[in-house]
Amino acid sequence: MNEEKFTRETVLSVRRWSENLFSFTLTRPAHFRFSAGQFARIGIEVDGEKIFRAYSVVSSPFAEELEFFSIVVPDGAFTSRLQHLKAGDSLLLEKIPYGFLTLARYQKPLPHDLWLLATGTGLAPFLSMLQDFAPWQQYQHIILAYSVRTRDELAYVKDIESIAQSFGEGGARFKFLPIITRADSPASDHVLDQYVLHQRLPILIENGLLEQQAGLALNPATSHVMLCGNPQMVDDTRNALKARGLSMNRRGEGNIAVENYW
Ligand SMILES: Cc1cc2nc3c(=O)[nH]c(=O)nc-3n(C[C@H](O)[C@H](O)[C@H](O)COP(=O)(O)OP(=O)(O)OC[C@H]3O[C@@H](n4cnc5c(N)ncnc54)[C@H](O)[C@@H]3O)c2cc1C
């Protein structure tokens, strides 16, 4: 890759959530402007070779630093090395951001209800959106459903709570729906004040529980639905939404926008 395509940035902090999940912040070069929901391409150098991977930006478009949320894939070419990151290390950052999982893509229906449905690190672009002003100005209701396998994988819960307080009028317009899919969690379970669901997202749409907990109906005339993360979840959830009359967003029109992480 041409040297001019990226800059070298410094790692400012690392936050570990669990054995296989961590977040880190990087210095943000002045030229790196992005819309909430976009991703960066981050690189490391291994034996003189550069390896780049896509990473959704977690931080708000107004933040001074760039934050990212990462999985550790034990034998992954990138993350098996990235997991040892510490403050003061340097990483490569491509100069331009990428991606179309942004609110600007929606023209019709007009913004009314925003559903953000994530698995695992697919939460990242939604955290950026929720810390931007646009969704709070444009939407009446915002629902964030965040599905993980085990309780210790449920990262950013306190941050989501504080976003709800600062932007979401203490929860009047915002609903957080955590989902833990492994059966070892108790049936009646809470994270902070939130009731925890236990089925996979497509099932929760089919059986109506997601809407029941959200206190809102999925509606082709009013819903914008964004899906991010595991491609199997994205596929199955998209099909469940289509069965409810929602359509893929193309050229600005339609309800569903997706991003697959692999
Ligand atoms: C648009 C886009 C945005 C992305 N944003 C993020 C992000 O914000 N955070 C992040 O951790 N990853 C993100 N990814 C995935 C990321 O680019 C890498 O795949 C990941 O860092 C693993 O790299 P690797 O070389 O270690 O393993 P890879 O060889 O890239 O992946 C090996 C396998 O690991 C699994 N895997 C890869 N990524 C994930 C993941 N995120 N969660 C669970 N399993 C995974 C898949 O089974 C995959 O086949 C994104 C991918 C895309 C396309």
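Residues numbered from 1 in each chain as written. Predicted model: local features only at pLDDT ≥ 70, side-chain atom pairs only at ≥ 80, totals over all residues. Heavy atoms only, no water.

- Under an unreviewed UniProt entry, the name given to the chain is ferredoxin--NADP(+) reductase, and the organism recorded is Alkanindiges illinoisensis.
- Quoted verbatim from the Sequence similarities (unreviewed entry) heading of the UniProt record, the comment on the chain is "Belongs to the ferredoxin--NADP reductase type 1 family."
- As its UniProt record puts it under Catalytic activity (unreviewed entry), the chain is described as follows: "2 reduced [2Fe-2S]-[ferredoxin] + NADP(+) + H(+) = 2 oxidized [2Fe-2S]-[ferredoxin] + NADPH". (UniProt positions renumbered as here; feature names shortened; annotations may be inferred.)

## Overview of the site of the ligand
Thinking step 1. Taken together, 19 residues surround the ligand, and among them Ala54, Tyr55, Phe69, Thr79 and Thr121 come closest.
Thinking step 2. Within the backbone of Ile71, a nitrogen or oxygen atom sits 2.9 Å from an oxygen atom of the ligand.
Thinking step 3. Measuring from a nitrogen atom of the ligand, one finds a side-chain N or O atom of Thr121 at 2.8 Å.
Thinking step 4. Taken by itself the ligand offers 860 Å² of open surface, and the protein chains cover 75% of this.
Thinking step 5. At the level of elements, strand E4 (49-56), strand E5 (65-71) and strand E13 (256-260) are the ones that each hand at least two residues to the shell around the ligand.
Thinking step 6. A per-element tally of the shell around the ligand places E4 first, with 4 residues.
Thinking step 7. Counted by class, the shell around the ligand contains 11 nonpolar, 6 polar and 2 charged residues.
Thinking step 8. Residue contributions to the shell around the ligand reach at least three from each of two domains, namely domain 1 (3-94) and domain 2 (103-260). (Near = heavy atom within 4 Å. Polar contact = N/O pair within 3.5 Å; in protein donor to acceptor, adjacent residues only side chain to side chain. Areas by Shrake-Rupley, 256 points an atom, 1.4 Å probe, with all protein chains shown as cover. Helix = DSSP H or I, 4+ residues; strand = E, 2+ residues; numbered from the N terminus. Nonpolar A, V, L, I, M, F, W, Y, C, P; charged D, E, K, R; others polar. Domains from an automatic or database assignment.)

## With respect to the domain arrangement of the chain
Where interface size is given, it is often the accessible area lost as the parts come together that is meant.
Thinking step 1. Taken as a whole, the chain is organised into domain 1 (3-94) and domain 2 (103-260).
Thinking step 2. Centre-to-centre separation of domain 1 and domain 2, based on C-alpha positions: 25 Å.
Thinking step 3. Residue-level contacts link 22 residues of domain 1 with 19 residues of domain 2.
Thinking step 4. In total, domain 1 and domain 2 occlude about 1,500 Å² of area from one another, counting both sides; carbon and sulfur atoms represent 60% of this.
Thinking step 5. Along the contact surface separating domain 1 from domain 2 lie 1 salt bridge.
Thinking step 6. In this structure, Asp159 and Arg15 form a salt bridge, with 3.3 Å as the shortest nitrogen-oxygen distance.
Thinking step 7. Counting every contact that joins domain 1 to domain 2 gives 6 residue pairs in polar contact (both at pLDDT 80 or more).
Thinking step 8. In terms of residue count, the dominant contributor to the side of domain 1 that touches domain 2 is E5 (5 residues).
Thinking step 9. Here the residues of the side of domain 1 that touches domain 2 sort into 12 nonpolar, 8 polar and 2 charged. (Contact = heavy atoms within 4.5 Å. Buried area = accessible area lost by both parts, 1.4 Å probe. Salt bridge = Lys/Arg side-chain N within 4 Å of Asp/Glu carboxyl O.)

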